[in-house]
Amino acid sequence: MGGINMVDTRVVDLEQKTCACRGWEITGMPCRHVVAALWFKSTNGGRVGALESWVNPVYTIERWRQIYSFKINPINGRALWPKCDVPTTLLPPNHHTKWVDQRK
């Protein structure tokens, strides 16, 4: 039947960019409920705008270029690291048995 599946019905607020499933807020990507709401809005004469406007700006090419704009210098190999006096193996602390009072 072509009815509404009430099990997977969520409240979507396109103005606040929220969905009741919280997928949109957590990932920054529109969840399937948001996509369905945008599809419904566009097929009923509403203006949706650019699809990129519904995704968090962290996923844009501009932000990617900004993040990777600085240079990361390589470090020396392990053979060139300075020697230090810290032990290379850490031993676990001594185990103390718990004392239980047997008197009653």
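Residues numbered from 1 in each chain as written. Predicted model: local features only at pLDDT ≥ 70, side-chain atom pairs only at ≥ 80, totals over all residues. Heavy atoms only, no water.

(A) Region of interest: the packing of aromatic side chains. Summed over all chains, the structure comprises 2 aromatic pairs. Summarising the aromatic geometry, the rings of W24 and W54 are spaced 6.2 Å apart at their centres and angled 45° between planes, so their arrangement reads as tilted. Taken as a pair, W24 in helix 1 (residues 23-27) and W54 in the loop between helix 2 (32-43) and helix 3 (61-67) lie far apart in primary sequence, 30 residues in all. According to the relative accessible area criterion, W54 is buried, its value standing at 10%. (Phe/Tyr/Trp six-rings, centres within 6.5 Å; stacked < 30°, edge-to-face > 60°. Helix = DSSP H or I, 4+ residues; strand = E, 2+ residues; numbered from the N terminus. Buried < 20%, exposed > 50% of the residue type's maximum accessible area, 1.4 Å probe, protein only.)

(B) Structural context of helix 2. The end-to-end C-alpha distance of helix 2 is 16 Å, a good match for the 16 Å that 12 residues give at a rise of 1.5 Å each. Within the span of helix 2, buried status applies to H33, V34 and L38. For helix 2, the arc enclosing every buried residue in end-on projection is 135°, short of the 170-degree limit, so these residues lie on one face. Across from the buried face of helix 2, at angles greater than 90 degrees, the exposed residues are R32, W39 and F40. (Expected span 1.5 Å × (residues − 1). Arc of directions from axis to C-beta.)

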